[in-house]
Amino acid sequence: MRCVAIALLCVVGAPVAIAAGGGTLEVRLLGADGAPVTGAAVTASAIGPQTLPAAPVEARIDQINMEFVPKLSIVPVGSSIAFPNGDTISHQVYSFSPARRFQLPLYRGQPHAPVRFDTPGVVALGCNIHDSMVGYVLVTTAAHYGVTDQAGMLRLRSLPPGEYEVRIWHPRMRERGEQQPQRVRLPAAAGFTLEIRLSDALKPSPGASRASRWDY
Amino acid sequence: MGLLSALQPLAGRAAGVRRCHPLLFAVALALQSAPAAAVDVELVADLRVQAADAAPSFLQGGLGKLRADDDLSIATSRLRLGLAQPLGETWRAVLDATFSADDPDGFSDVTEAFLEYRPYPSEGWRTRVKVGAFYAPISLENRSSGWETPYSLSSSAVNAWIGEEVRTLGAEVQLDWLGTRMGRAFDAGLVAGVHGWNDFAGAYLAARGFRVQDRQTAIFGVVAEPGLKAYSREPFLESDDRPGYYLGVRWHYANRLELRALHYDNRGDGTVYVSRVDDFIWHTRFDAIGLRLETSNGWTVIAQRLSGDTAIAPGGFLILWDYDASFALLSREVGPRHRISARYDDFSLGRRNPGYAPSNSDKGDAWTLAWLYEPRPDWRLAAEWQRIHGEVSKRQLLLGEAPGLTETRLELSLRRTFRNH
């Protein structure tokens, strides 16, 4: 059986048939212009009385050439993230987001304990030395999550059948689009493809980090 | 004794003149204190070869507008040392010095030396405080280490003048609102500076007009060797105990577009004569605006304008010059390692008082084309061609030459950077 749904945040278009494997929820995210949206966070939570978040993980966000790598991380509530600093220069990572406030000096050769994220929400990361460094951590209570690839696709595999609430988040999404979860029913032994088209264009992508390794 | 005098325990020998040695002592002491992290060291050797068709340059006291002599030479090769020492988590000390083969300053070559306090942001707001000797946030092109420009070898006329005569010897507070960390696409900031040792900012500009070059006057340095009659050669002196100030705003959108505006006033008392430099104090004010746009496909556009006046008032009689300079720069990254840039400069300087001709005036423009290639992060090969035309009345007044002159220059640079980080 092949199930296809099109969830459009702006206008409803014609359904398209996309094959999907059994128990796999396939999410395809398109921008307002129809181009695939890369690097968006997608979470899927089963709707029901016994839903549990995914088990906490130990993740890492590196600092490479004055960039956070990856720029966007999704972790379940209770997870820890290490900031190993792959650069040879010092960084001072911070967040003043309500979901997790912290300050982390990353000097050469001085490793620091991982940071634990206990509250769901978006945590914006910065570097107190290099203003162009911006990163995000999405702390989620969802059991299933991932980031869209170059084709704007994410496949969440081995999902039990049932009804799910799918949310998307992208650092450059405008406010209105962020608040609209999609409900999908994943039948037993079947796949489901959800195509989401944003109603607003993404905000402009930020420029690359400055070439200079010296902070001025 | 005024505020600036009180801040100046090691007064210069000449009566009424103080220089800024204690600022450096403070940094030197800070560098010796126990660090929380090791010092970042950057040593840069820059071999330059140039061929020019130009008048004797400002470095020989001439009226030439390029850092050049009328021959083939390696005269502008230089060595730069940059040190940045973290002091705990929120303080750091920075020192920058350049030793140039063509420089009359010898070893007095510290261009910046300051302590910076930068606490972590809180609730979207961030403060930064600098104390010492450093550049006010005016230039949008001089953003590399050592206040160099990554787009060309020389700086624009606007920023060449800043490098020659305008340095903050004092304190600056910057307050930023970090919207990019709160779901917005822009950051915004205010900056305010209070400075002394600024009595002769504008003196050399009024005497000689604009140049398009890359020499930065050292904190203890002189703007040029005496040749032709110059006004004060030492821009960073304090004699009137009147601190100057600047106020500026900044708006930064998506790390792509930056807008800045700044008002500067050194509040110099133009009635005061300073025998050490045989000159009156110059009262200099200007407004500077600028933008920098960086597109996603590798283009950079920078435009700046600076306009203001500078004046002395011997016996209370105001003698005043107006100046106005601007430039537009277009630069493009070509692949990951090449950059090509073109810049057009326009500048003018003239005495406002009517009926006192002849006097010095300067009007001209310049083209600069540059190619920079970085085969590795620590190596850079660059070539720059400059053509500048100036109508300089002093050429006629002092040398008996025609005021109009076009100078050209080709410079090659091979730069090697050594870092411990």
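Please read all numbers here as calculations on a predicted model, not as lab measurements.

Right, let's talk about the overall build of chain B for a bit. If you tally the helices and strands in chain B, you get five helices and 19 strands. Burial statistics for chain B: of 421 residues in total, 48% are counted as buried. The long-range fraction of contacts in chain B, counting pairs at least 24 apart against all pairs at least 6 apart in sequence, stands at 64%.

Summing up its helical and strand segments, chain A has one helix and 18 strands in all. Taking all 216 residues of chain A together, 37% fall into the buried category.

Residue and element names in this part refer to chain A. The strand order β14-β3-β16-β17 describes an open sheet built from four strands, whose pairing is antiparallel. In the strand order of this sheet, the two ends are held by β14 (144-147) and β17 (182-186), each with one partner. Averaged over neighbouring strand pairs, the angle between their axes works out to 25° when direction is ignored. The pairing of strand β16 (residues 162-169) with β17 spans five bridges and is antiparallel. Its bridge partner being in β17, Y164 is matched across the sheet by V184.

Counting residues in hydrophobic clusters, the biggest one holds 72 residues, and the most contacted among them are A136(B), A157(B), V158(B), W161(B), W282(B) and A325(B). Leave out the neighbours within four places in its chain, and A157(B) touches F210(B), R211(B), V212(B), A325(B), F327(B), D345(B), F347(B) and A366(B).

Here the focus is the confidence of the model for chain A. Scored by pLDDT, chain A comes out at a mean of 82, with 81% of its residues at no less than 70. Contacts from residues 1-21 of chain A, a stretch scored under 50 in pLDDT, to residues over four places away or in other chains number 44 contacts.

This part is about the interface of chain A and chain B. The interface of chain A with chain B comprises 25 residues on the first partner and 26 residues on the second. Mapped by element, the contributors of at least two residues to the side of chain A that touches chain B are β9 (91-97), β10 (100-106) and β12 (121-127) of chain A. If you tally residues by element for the side of chain A that touches chain B, the top one is β9(A), at three residues.

Let us now look at helix α3 (residues 157-165) of chain B. Residues and elements named next belong to chain B. The element α3 is extensively covered by neighbouring structure, given that nine of its nine residues are classed as buried. Buried within α3 we find A157, V158, N159, A160, W161, I162, G163, E164 and E165. In the core, the buried residues of α3 are packed alongside α4 (203-208), β14 (299-312), β15 (319-334), β16 (338-351) and β17 (362-376).

With that out of the way, let us pick up the sheet that holds strand β4 (residues 58-60) of chain A. Residue and element names in this part refer to chain A. Pairing in this open sheet of three strands is mixed, and the strands run β4-β8-β11 from one edge to the other. Of all strands in the sheet, those bounded by a partner on one side alone are β4 and β11 (115-117). Here the strands of the sheet are splayed against their neighbours by 30° on average, with no regard to which way each runs. Here three bridges tie strand β8 (residues 79-82) to β11, and the two strands are oriented antiparallel to one another. Note on β11: the bridge partner recorded for S80 is R116.

Moving residue by residue along a regular strand, the side chains alternate between the two faces of the sheet. Residue and element names in this part refer to chain A. Of all five residues making up strand β7 (residues 72-76), four are buried, and the element is well covered by its neighbours. Examined bridge by bridge, β7 and strand β13 (residues 134-140) share five bridges and lie parallel to one another. Note that in β13 the partner of I74 across the bridge is L138.

All names here are of chain A. Residue position: D118 is located in the loop between β11 and β12. For the pair D118 and A99, spaced 19 residues apart in sequence, the C-alpha to C-alpha distance is 8.0 Å. Ignoring anything within four residues of it in the chain, the contact list for D118 reads V77 and G78.

Now for the pairing of β9(A). All names here are of chain A. Burial analysis of β9 places seven of its seven residues in the buried class, the great majority of the element. In β9, alternate side chains face the same way, and those of H91, V93, S95 and S97 on one face and Q92, Y94 and F96 on the other are all buried. Inspection of the sheet shows β9 paired to β10 by seven bridges, in the antiparallel sense. Looking at β10, one finds that H91 is bridged to L106. The turn joining β9 and β10, which pair antiparallel and follow one another in sequence, is formed by two residues. Here β9 runs beside β12; their pairing, made up of two bridges, is antiparallel. In the sheet register, V93 faces β12, and the bridge partner there is C127.

For the bond running from V69(A) to P70(A), omega is 0°, close enough to zero to count as cis. Inspection of the secondary structure puts P70(A) in the loop between β6 (67-69) and β7. Of note in this structure, N255(B) is not a glycine but carries a positive phi near 60°. Turning to its location among the elements, N255(B) is positioned in the loop between β9 (244-253) and β10 (257-265). Assessed through the 22 C-beta atoms surrounding it within 10 Å, N255(B) is described here as buried. Non-glycine residue D278(B) carries a positive phi angle of around 55°. Relative to the assigned elements, D278(B) resides in the loop between β11 (273-274) and β12 (279-280). Its 12 C-beta neighbours within 10 Å are what place D278(B) among the exposed residues.

About the criteria used
- Residues numbered from 1 in each chain as written.
- Chains lettered and ligands numbered in written order.
- Predicted model: local features only at pLDDT ≥ 70, side-chain atom pairs only at ≥ 80, totals over all residues.
- Helix = DSSP H or I, 4+ residues; strand = E, 2+ residues; numbered from the N terminus.
- Buried ≥ 20, exposed ≤ 12 C-beta atoms within 10 Å, placed from the backbone.
- Contact = placed C-beta atoms within 7 Å.
- Pairing = 2+ DSSP bridges.
- Axes fitted to C-alpha atoms, helices over the stretch in contact; angles between N-to-C directions.
- Core = buried A, V, L, I, M, F, W, Y, C linked by C-beta atoms within 7 Å.
- pLDDT = per-residue confidence, 0-100.

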